[in-house]
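Each chain is listed here by its residues.
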Amino acid sequence: METFECIAAVARPIHDFGDEFMSDEATATAGLRAGFPRGRGFYCRGRFGVLGEAPATVVQAVQGFLGPDLVTAGWLAGRSVMPAGEAAACYAQAVREWGRTNVPAGVDVEHFNRLAQQLIDAADANALPLFAGWRAQHCPADDPVGVAMQRIHVLREHRGACHLAAVRLCGLSARAAMVINLGVEQATRYGWPEPHPVASALIPQWQRAEQLTDELQAPLYATLTDRQRTEFAQLVNVLTASLTP
């Protein structure tokens, strides 16, 4: 399998499997058990806690695609519960717990983990601080299924960070990219108040941003052989087989 063919095959299932985790009631329950209030506190403090005790405006600038009011409210709501580093570790634990429940039985997670880690290790993290923070999170050696989900999450953060850079390079705002990609209603759900439809003339810029995102990820996937890329795509397909249609 060629490099860009592999990227095209795995980008959506990796993204969507991460979305399933983030939106699952089981994840919200894990946050409640940890002492976070209902709402976005666990999500924001946990996911972005790898950035350390940063001001909310800095967190917003790093993650980009969520509306600033959503991020600020969630980040501040979680601040009194636990320090940022602890929240990130708690979120990573929730990622692994969710993986143990939702990764199908029989997946060769050991081989997936080897290939995924090769991709993660090959990444240049310059200008990708959220990815760098998640790459640095501890992965326990005795939990291969949970760690497979954690590596899915790390790879998702890599593509997300690359896409934010690509969107801005193409002259789009993150808000416009969200509207083009998801529509007005979904953009509102992700924290953008009253987003307006985007002019059709901007769609080619978003398409170029998608292409640039693939190009930014290409050096990772180029470290795999053709056979390894085929195996990785197959493993991602099987690992994410429980995705809601």
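Residues numbered from 1 in each chain as written. Predicted model: local features only at pLDDT ≥ 70, side-chain atom pairs only at ≥ 80, totals over all residues. Heavy atoms only, no water.

Structural notes on the side chain of E231
At step 1: One can find E231 in helix 13 (residues 226-239).
At step 2: Of note is the side chain of E231, whose polar atom sits 2.9 Å from the side chain of H111. (Helix = DSSP H or I, 4+ residues; strand = E, 2+ residues; numbered from the N terminus. Polar contact = N/O pair within 3.5 Å; in protein donor to acceptor, adjacent residues only side chain to side chain.)

A word on unusual backbone geometry
At step 1: Look at A127: it is not a glycine, yet its phi comes out positive at around 70 degrees.
At step 2: Its place among the elements puts A127 in the loop between helix 7 (109-122) and helix 8 (129-135).

Some thoughts on helix 5 (residues 68-79)
At step 1: Look at helix 5: 16 Å from first C-alpha to last across 12 residues, which is about the 16 Å you get at 1.5 Å a residue.
At step 2: For helix 5, the set of buried residues is L70, V71, G74, W75 and G78. The arc enclosing the buried residues of helix 5, seen along the axis, measures out at 115 degrees, which places them on a common side.
At step 3: Buried residues in helix 5 make contact with helix 3 (41-47), helix 4 (56-63), helix 6 (84-102) and helix 11 (184-189). (Expected span 1.5 Å × (residues − 1). Buried < 20%, exposed > 50% of the residue type's maximum accessible area, 1.4 Å probe, protein only. Arc of directions from axis to C-beta. Contact = heavy atoms within 4.5 Å.)

Thoughts on the nonpolar core
At step 1: By size, the foremost hydrophobic cluster in this structure holds 78 residues, and its most contacted members are F112, Y221 and F232.
At step 2: No other element matches helix 9 (residues 144-169), which puts 10 residues into this core.
At step 3: Those residues within four positions of F232 in sequence are excluded, and the remaining contacts are C6, V10, F112, L115, A116, L119, L155, Y221 and L224. (Core = buried A, V, L, I, M, F, W, Y, C linked by side-chain atoms within 4.5 Å.)

As for the packing of helix 7 against helix 13
At step 1: Orientation of helix 7 relative to helix 13, taken along the N-to-C sense of each, is 115 degrees, at an axis distance of 10 Å. Crossing of helix 7 over helix 13 shows left-handed handedness. Contacts from H111, F112, L115, A116, Q118 and L119 in helix 7 reach Q228, E231, F232, L235, V236 and L239 in helix 13. (Axes fitted to C-alpha atoms, helices over the stretch in contact; angles between N-to-C directions. Left-handed = near helix turned anticlockwise from the far one by under 90°.)

Let's talk about the packing of helix 7 against helix 9
At step 1: Put simply, helix 7 and helix 9 touch, their axes get as near as 9 Å, and they point 30 degrees apart. The orientation of helix 7 with respect to helix 9, classified from their angle, is roughly parallel. The hand of the helix 7/helix 9 crossing is left-handed. Counted together, V109, E110, F112, N113, A116, Q117, L119 and I120 of helix 7 and P144, V145, V147, A148, R151, I152, V154 and L155 of helix 9 form the full contact between these two elements.
At step 2: Among the residues forming the contact of helix 7 with helix 9, the class breakdown is 12 nonpolar, two polar and two charged. (Parallel < 35°, antiparallel > 145°, perpendicular 65-115°, else oblique. Nonpolar A, V, L, I, M, F, W, Y, C, P; charged D, E, K, R; others polar.)

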